[in-house]
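Next come the chains, spelled out residue by residue.
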Amino acid sequence: MNRKDRLYALMQRLRDGHLHTAEAMAQDHGVSVRTIYRDMELLAESGVPVEGARGYGYSIAAAITLPPLNLTETELEALHVALAALGQSDLPDLADAARALSAKIEAVLPEDADAPRAPFGFAAGAFAEAARGFTHMPAIRAAIRARQKLRVTLADGVHDIRPLHIDFWGRVWSCVAWDESTGTFLSFRIDRVEDMTPLPGLFVDEPGKTLGDWRARDKP
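Because the structure is predicted, anything quoted here is derived from the model rather than measured.

K.L.:
How would you explain helix α2 (residues 22-29) if you had to name every residue and give the values?
P.N.:
For α2, every residue scored as buried is listed here: A22, M25 and A26. Across the axial projection of α2, the buried residues extend over an arc of 100 degrees, all falling on one side. Facing away from the buried surface of α2 by more than 90 degrees, the exposed residues are Q27 and D28. Directly after α2, the chain includes G30, whose backbone phi takes a positive value near 70 degrees.

K.L.:
Pulling in residues and values, what's your account of the pattern of salt bridges?
P.N.:
A side chain of one charge can pair with a side chain of the opposite charge if their charged atoms are brought near each other. Applying the stated criterion across every chain yields a total of 10 salt bridges. A salt bridge links D28 to R13, with the shortest nitrogen-to-oxygen separation between them at 2.7 Å. With a gap of 15 residues between them, D28 in helix α2 and R13 in helix α1 (residues 3-14) connect regions that are remote in the sequence. Given the relative accessible area of 52%, D28 is considered exposed. Taking relative accessible area as the criterion, R13 reaches 21% and is therefore assigned partly exposed. D205 is the partner of R147 in a salt bridge, and the nearest nitrogen-oxygen pair spans 2.8 Å. Of this pair, R147 sits in the loop between α7 (137-146) and β3 (148-154) while D205 is found in the loop between β7 (195-202) and α8 (211-215), placing the two residues 58 residues apart along the sequence.

K.L.:
Which residues make up α7, and what values do they have?
P.N.:
Among all positions in α7, only M137, I140, R141 and A143 are buried. Around the axis of α7, the buried residues are gathered within 160 degrees of arc, so they sit on the same side. In α7, the exposed residues that point more than 90 degrees away from the buried face are P138 and R145. Following α7 by one or two positions, R147 has its phi on the positive side, about 60 degrees.

K.L.:
Tell me about the nonpolar core, and please be specific about residues and values.
P.N.:
Residues I140, L150, I161, F188 and I190 are the most contacted members of the largest nonpolar core, which totals 16 residues. Looking at this core, the elements with two or more residues in it are α7, β3, β4 (157-169), β5 (172-179) and β6 (184-189). Residues within four places of F188 in sequence aside, it is in contact with L154, I161, W173, S174, C175, A177 and V193. One finds L14, A22, I36 and Y58 within the second-largest nonpolar core, a separate group that totals 15 residues.

The rules we used
Residues numbered from 1 in each chain as written. Predicted model: local features only at pLDDT ≥ 70, side-chain atom pairs only at ≥ 80, totals over all residues. Heavy atoms only, no water. Buried < 20%, exposed > 50% of the residue type's maximum accessible area, 1.4 Å probe, protein only. Helix = DSSP H or I, 4+ residues; strand = E, 2+ residues; numbered from the N terminus. Arc of directions from axis to C-beta. Salt bridge = Lys/Arg side-chain N within 4 Å of Asp/Glu carboxyl O. Core = buried A, V, L, I, M, F, W, Y, C linked by side-chain atoms within 4.5 Å. Contact = heavy atoms within 4.5 Å.

In C-alpha cells, the structure reads:
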C-alpha cells in the first residue's frame, strides 16, 4: 500500500470515534510504529482533526470526508488557481480554509520518482503576478501538447523556444523550455512574458534537449 492509500485508510479508521494505538495500526498496515507516528503528524499538519498522542492512541473528530478523487492535470491546475486567489482574499476564514485545503491536497498527492515535487501551497509573491501569466497559459499548454515552437519576449530579449513543461510554485507558474537562441535550457516565469508568437513547424525530441535531460542535469 502506498502512502496516499495508507493515509486515507487511516483517516477512515480513526473516524469511528474510538482510540487506535500506533502499534495496532502499524501491525495492520505492515509498517513501523515510527511510520504511523509520522503519518499522524502529517495528517494533523494537513488540517485533519487528529486527537491523541504517542503511547495513548489516536482518533479523529467528526469532519466531512470526501471519497478518493481522480483529477487531471488541468483540474489540479484549476484548483491551484482558485486556492491561490482565495488565499489572497480579505476573508480571513476562507483564506485560512484555502491554506488548510492546499496542505491536505499536498499531503496526498502522488509522488513522481522521476521529478522533484513542486510545492502546492502559498509561496512568496503576489497572486496578481500569477494572474498576468494566465493570458499566455492556454497558448503555452497547447504548444507543449502540439510540440509547437514559440517566440517569447522576456526582459532580457527575444527567445525562440521549444516549450517542454509548466511548473507551479505557489502562486507563480514557470515554463521549462529548450532555448534555440542560446542552445541551452531556459526556465522563465510565465507572468514575465511580454509577447509571444507561435513559430511555423513542429519539433521532435532530440538528445540533450528533452524534459528528461532537463531533470537529469543535477542528478549524480
